[in-house]
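Coordinate analysis (summary)
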Amino acid sequence: MYQVCVDSISGYVNVPLIYYSHIPAAVVSLLIGALVIYKKKDLVGGTLFALSALFSIFVLLSLITWLNPSTVALTFFWSFFGMIISCIFVLCFYFSYLFLFNKDLGTRFKFFILFLLSPIFIITPTKFGVEYFDSTSCMPIENINFMFYYYSFGILAFIGVIFLFFKRNLQVKDKEERKINIIFTIGIEFFILMLFFASFFASYLYDLGLVDNYYLELYGLFGVIIFMGALAYLIVKFKTFDIKLIATQALVVILLLVIGSEFLFVTNDTGRTLVIITFALALGFGYFLVRSVKREIEQREKIEKLAGDLEKANEKLRGLDKLKSEFLSFASHQLRSPLTAINGYTSMLLEGSFGPLPDKIKKPIEVVSNSSKGLIKTVGEFLDISRIEQGGMKYTFTDFDAKELALEVFNELKPTFESKGLSYEFSADEKANYAINGDKGKIKQIIGNIIDNSGKYTPKGGIVVKVGKKDGKILISVVDTGIGIAKENISKLFAKFSRAKDANNTNVNGTGLGLYVAKKMMEANNGKLWVESSGEGKGSQFYIELNAKNA
Ligand code: ADP
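Keep in mind the model is a prediction, meaning the values are calculated, not measured.

1. A few points about the nonpolar core
Of all hydrophobic cores here, the largest spans 55 residues; its most connected members are L51, F55, F58, I88, F89 and F95. Listed by contribution, the elements that provide at least two residues to this core are helix 1 (22-39), helix 2 (43-66), helix 3 (71-78), helix 4 (81-101), helix 5 (107-123), helix 6 (144-171) and helix 7 (175-207). Here the element with the most residues in this core is helix 4; it accounts for 18 residues. Leave out the neighbours within four places in its chain, and F89 touches Y150, Y151, F153, G154, A157, I192, L195 and F196.

2. Thoughts on the packing of aromatic side chains
Following the criterion strictly, the structure yields 23 aromatic pairs and no others. Measuring from centroid to centroid gives 6.3 Å for F109 and F112, while their planes differ by 50 degrees, and the two rings are tilted. Of the two residues, F109 and F112 are both situated in helix 5; the distance of three residues between them amounts to about one turn of the helix. In this structure F112 comes out as partly exposed when scored by relative accessible area, which is 45%. Ring centres of Y149 and F153 lie 5.7 Å apart, and the angle between their planes is 90 degrees; on these two criteria the pair is classed as edge-to-face. Placement of both Y149 and F153 in helix 6 is noted, with a separation of four residues, approximately one turn of the helix. Directly above the ring of Y395 sits K442, whose terminal nitrogen or CZ lies 5.3 Å from the centroid. When the ring centre of F494 is taken as origin, the NZ or CZ atom of K519, which lies over that ring, is 4.7 Å away.

3. Here's the deal with the sheet that holds strand 4 (residues 423-428)
Taken in spatial order, the five strands line up as 4-6-7-9-8 in an open sheet, and their pairing is mixed. Either end of the sheet is taken by a strand with one partner, and the two such strands are strand 4 and strand 8 (528-533). Averaged over all adjacent pairs, the angle separating strand axes in this sheet is 15 degrees, with direction ignored. Pairing between strand 6 (residues 462-470) and strand 7 (residues 473-480): eight bridges, direction antiparallel.

4. Considering the packing of helix 12 (residues 359-389) against helix 17 (residues 514-524)
Two numbers describe how helix 12 lies on helix 17: the axes approach to 10 Å, and their chain directions differ by 40 degrees. As the angle between them shows, helix 12 and helix 17 are arranged oblique. Regarding helix 12 and helix 17, the two cross each other, and that crossing is left-handed. On helix 17, the residues that touch E381, D384, I385, I388 and E389 of helix 12 are G514, Y516, V517, K520 and M521. Broken down by class, the residue content of the contact of helix 12 with helix 17 amounts to five nonpolar, one polar and four charged.

Cut-offs applied
Residues numbered from 1 in each chain as written. Predicted model: local features only at pLDDT ≥ 70, side-chain atom pairs only at ≥ 80, totals over all residues. Heavy atoms only, no water. Core = buried A, V, L, I, M, F, W, Y, C linked by side-chain atoms within 4.5 Å. Buried < 20%, exposed > 50% of the residue type's maximum accessible area, 1.4 Å probe, protein only. Helix = DSSP H or I, 4+ residues; strand = E, 2+ residues; numbered from the N terminus. Contact = heavy atoms within 4.5 Å. Phe/Tyr/Trp six-rings, centres within 6.5 Å; stacked < 30°, edge-to-face > 60°. Lys NZ or Arg CZ within 6 Å of the ring centre and 35° of its normal. Pairing = 2+ DSSP bridges. Axes fitted to C-alpha atoms, helices over the stretch in contact; angles between N-to-C directions. Parallel < 35°, antiparallel > 145°, perpendicular 65-115°, else oblique. Left-handed = near helix turned anticlockwise from the far one by under 90°. Nonpolar A, V, L, I, M, F, W, Y, C, P; charged D, E, K, R; others polar.

Following this line, the structure appears as structure tokens:
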């Protein structure tokens, strides 16, 4: 800090505009502090307000000393600098702690800081602070040790905030929060640095004779604007203090005030015209800025609310879905044992294990046997679905021959085709190698399901199964002359419980689960399953594609 006697350099009476950089800095700081305390009446808000108020007092003191008051007044005001500056540095550290950690400092640590601050408060009113008034330089002279002591709080605060930042960001996982912390830390460090520069370093450089005036210290005050800008950005962008709109409006008003105040300092018409144009432009842009921020906030709030509602609904649905899968699994397990017993005994009865059956009883037993087989299949599908949905389906991969497997399934199903009077054919290129690696049981179930469906949904005509190889892939096609599939149904067929509306005419016992399970199992085996059909009544072509082993 310094003081120049009015008489010594008369030029200073007509000061350049940069002298007044104090004023916008103080106003911006105080306004933002007031806005924050208005919206956030807690410790963080209060601390920021105290910080901005202290800073404004500091700037005011600085301005008073610029304005060359009497020697007595100058010495009086000057003595407060050390106290205020050290408190600002301490508050910067405290505020950073509150902001970054969302909790208060420990009492012991607070007392420790107060203890460190106490010498400044004790010394300030005594002769050991401002020692005397030097009439040659027209400046009050402070004890150099006292000065170094209170400025060391700046250095400590600067290092302390860096330490807090790293400690905090190592704990935080959330990317957004890390970003906010980075912006905050840059802002506050700038503030500390600039305050240090403006109040100490600039005069120190002058005292060392490295610069020839004190103008440098005025530039330091722009650091405050950067800090306030960072805070305003945090508020607007991440609503840390939940006052983004008011902050934007305040910033626009301040901008207009600053531009407007320039009007008082320009002396010619060109200057005035320029100020008017700048003012009008700022007014226009400011208006649009406030409006767009307002809209953005409204939209974001709406979306946030919707997203929250959706998330809740989803959670509920997930819970219900889990419950359903668990119930399905439980019920299916309970059903399976009695069904297996029914199926086993009816088969034994039909085979004559308990002696020959009278014809009158044979027919109903056959019906019971077929129905229990159908039920066992359905229960098996239910179990598969609950396993797939709960992620409990196990796959065991082995090497085997896909053509042999398809032929085995085909041969097992031949009797059903014969009983329906359908023609059937199986063909494969005998020379090709059909070795694959996959879950044999599951792939057998898939092929079985597709060929079985073709039999079920083909009232007359026949079924052709072909196994071929192309580009390292094994393709099993199952072509029938059955009821076919309407174009609009093709894409829905592989969904859970999906059945074509006329499916019941041909196969009453279907559940619409077989293709869904088959598709899921196929995906787990890195294969593909799809269907083609020219339409209703025009037959269907199902394709199973598997990766050949040594392609
Ligand atoms: P389900 O046969 O038990 O109804 P699926 O999942 O196996 O269940 O089949 C789903 C639906 O796909 C069937 O209800 C039927 O409408 C249709 N579909 C399956 N295979 C054929 C086929 N070969 N020809 C015509 N439609 C078929």
